[in-house]
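Next come the chains, spelled out residue by residue.
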Amino acid sequence: MSGQPAFGTAKNGQTFFQWEEFERHFDDRIFFAVLAERAIAGRLARRAVALDRELGLQGWFVPEDHIHISLVGLGDHDGFPQGLVEIACRIGSMIVAKPFEVSFDRLSAFGGGSLVLRGGNDSNSALREFWRNLTALISDSPLKRFLTKSIEPHVTLLRDEARVSNIGERLIDPVSWSVRDFVLIHSLIGKGVYKERGRWQLTGQDDSLAGM
């Protein structure tokens, strides 16, 4: 049991005792993602600043080199999960896929006060197919417990928990780019640090056979 005993006096004058649980904090988050290519990321970072002013927000901006599409989250951990990352890297190397296009044409509120770019319900079919291929490999591994039943493709620009929820979805000029690789990210929670633990090119060839 983690926590500490707490004593107090209730309104009726009775003394009470209870065990207060410590809130557990995690330092390390692991996830597969598609990072926005540099030119697109720079454009989106500038757009986020403009939207923050236009919409009267006081947002926390996603750093330019962190702008991404999340694919599969592999949990928050108390310390770097070396074994999990090794398994994830083996899975990443097994992916066979060709480059594909992604496009986002809506500005929308999302969970946690996030202001994001999204596509329509029928958009980004190639990204969804890529996600299905990735999750199929994960489902045959010890990482299966981290899988979700679907993906909601989006790109987070900023976060403002108090104000973003009041913003309705709106159409924007499409933001598109070609996805040529994907990465395994190690995020140091609360420190604004991303570390790449793996990056795999989408060449249509099996990278696990490279050099054979």
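**Things to note about the side chain of His186**
- Checked against the element boundaries, His186 lands in strand β10 (residues 181-188).
- Accessibility expressed as a relative area gives 3% for His186, which makes it buried.
- Of the polar contacts made by the side chain of His186, one reaches the side chain of Arg197; its length is 3.0 Å.

**A word on the environment of Tyr194**
- Note on placement: Tyr194 falls in strand β11 (residues 193-201).
- Judged by its relative accessible area of 27%, Tyr194 falls in the partly exposed class.
- C-alpha of Tyr194 to C-alpha of Leu184: the two residues are 10 residues apart in sequence and 9.9 Å apart in space.
- Each residue touching Tyr194, except ones within four places of it in the same chain, is listed here: Phe31, His66, His68, Ile185, His186 and Ser187.

**Concerning the nonpolar core**
- By size, the foremost hydrophobic cluster in this structure holds 51 residues, and its most contacted members are Phe32, Leu71, Leu74, Leu117, Leu143, Trp177 and Phe182.
- Examining the composition of this core, we find that six residues originate from one element, helix α1 (residues 38-54), more than from any other.
- Residues in contact with Leu143, not counting those within four places in the same chain, are Leu74, Leu84, Ile87, Ala88, Ile91 and Ile138.
- Core analysis: the second largest hydrophobic core is formed by five residues, Phe31, Ala33, Val183 and Ile185 among them.

**What about the pattern of salt bridges?**
- Tallied over the entire structure, the rule returns 10 salt bridges.
- Glu169 serves as the salt-bridge partner of Arg106, at 3.6 Å between the closest nitrogen and oxygen. Of this pair, Arg106 sits in strand β6 (residues 100-110) while Glu169 sits in the loop between β8 (154-159) and β9 (170-179), placing them 63 residues apart in sequence.
- Put simply, Glu129 and Arg132 hold a salt bridge, and the shortest N to O gap is 2.9 Å.

**Some words on α1**
- Taking 1.5 Å per residue as the helical rise, α1 with its 17 residues ought to reach 24 Å, and the 24 Å between its terminal C-alpha atoms agrees with that figure.
- The inward-facing, buried residues of α1 contact β4 (60-61), β6, β7 (114-118), β8 and β9.
- Just downstream of α1 lies Gly56, where phi reads positive at about 65°.

**Side note on the side chain of Thr135**
- Within the secondary structure layout, Thr135 lies in helix α3 (residues 125-138).
- Owing to a relative accessible area of 11%, Thr135 belongs among the buried residues under this scheme.

**Some thoughts on the packing of aromatic side chains**
- Within the structure shown, the criterion is met by seven aromatic pairs.
- On the basis of an interplanar angle of 75° and a centroid distance of 5.8 Å, the ring pair of Phe31 and Tyr194 is categorised as edge-to-face. With Phe31 in strand β3 (residues 28-35) and Tyr194 in strand β11, this pair connects stretches of sequence that are 163 residues apart.
- Judged by its relative accessible area of 8%, Phe31 is buried.
- Put simply, the rings of Phe32, Phe100, Phe130, Phe182 and Trp200 touch in pairs and so form one group of aromatic residues.

**Here we look at the layout of surface pockets**
- Of the volumes computed, that of the largest pocket is approximately 870 Å³.
- The wall of the largest pocket is formed by 35 residues, among which Arg29, His68, Ser70, Arg159 and Tyr194 lie closest to the centre.
- Sorting the residues of the lining of the largest pocket by element identifies β3, β5 (68-77), α3, β8, β10 and β11 as the ones contributing at least two each.
- Examining the composition of the lining of the largest pocket, we find that five residues originate from one element, β5, more than from any other.
- For the lining of the largest pocket, the residue count by class is 17 nonpolar, 14 polar and four charged.
- Empty space within the second largest pocket amounts to approximately 270 Å³.
- Taken together, 15 residues form the lining of the second largest pocket, with Leu35, Ala36, Glu37, Arg38 and Arg199 sitting closest to its centre.
- Only β3, α1 and β9 provide two or more residues apiece to the lining of the second largest pocket.
- In terms of residues, the lining of the second largest pocket owes the most to one element, β9, which gives three residues.

Basis of the calculations
- Sequence order as written defines the numbering, with residues in each chain counted from 1.
- In keeping with the model being predicted, local features are shown solely for residues with a pLDDT of at least 70 and side-chain atom pairs are shown and tallied solely at 80 or more, while totals for entire chains, interfaces and linings include all residues.
- The basis for the side-chain values is all heavy atoms of the structure; hydrogens and waters are excluded.
- A helix here means a DSSP run of H or I that spans at least four residues, while a strand means a run of E at least two residues long, and both kinds are numbered starting from the N terminus.
- For each residue, the accessible area found with a 1.4 Å probe, counting protein chains only, is set against the maximum for its type, and the residue is called buried under 20%, exposed over 50%, and partly exposed in between.
- Pairs of N or O atoms are called polar contacts if they sit within 3.5 Å, as long as, within protein, a hydrogen donor faces a hydrogen acceptor (for residues adjacent in sequence, only side-chain-to-side-chain pairs).
- We call two residues contacting when some pair of their heavy atoms lies within 4.5 Å.
- Put simply, a nonpolar core is a bunch of buried Ala, Val, Leu, Ile, Met, Phe, Trp, Tyr and Cys residues held in one set by side-chain atoms that sit within 4.5 Å of each other.
- For this analysis, a salt bridge means a side-chain nitrogen from Lys or Arg found within 4 Å of a carboxyl oxygen belonging to Asp or Glu.
- One less than the number of residues in a helix, times 1.5 Å, gives the span that helix is expected to have.
- Centres within 6.5 Å are what make two rings of Phe, Tyr or Trp a pair, Trp counting through its six-membered ring; a difference in plane orientation under 30 degrees is then read as stacked, over 60 as edge-to-face, and the rest as tilted.
- Cavities and pockets were defined on a 1 Å grid built over protein atoms only: a cavity is a set of grid points that admits a 1.4 Å probe from which the probe cannot escape, a pocket is an open set flanked by protein on both sides within 12 Å along at least five of seven lines, and lining residues are those with an atom within 4 Å of any such point.
- Grid points are joined across faces, edges and corners, and a volume is the space filled by probe spheres set on the points.
- Polar here means any residue outside two lists: the nonpolar Ala, Val, Leu, Ile, Met, Phe, Trp, Tyr, Cys and Pro, and the charged Asp, Glu, Lys and Arg; Gly therefore counts as polar.

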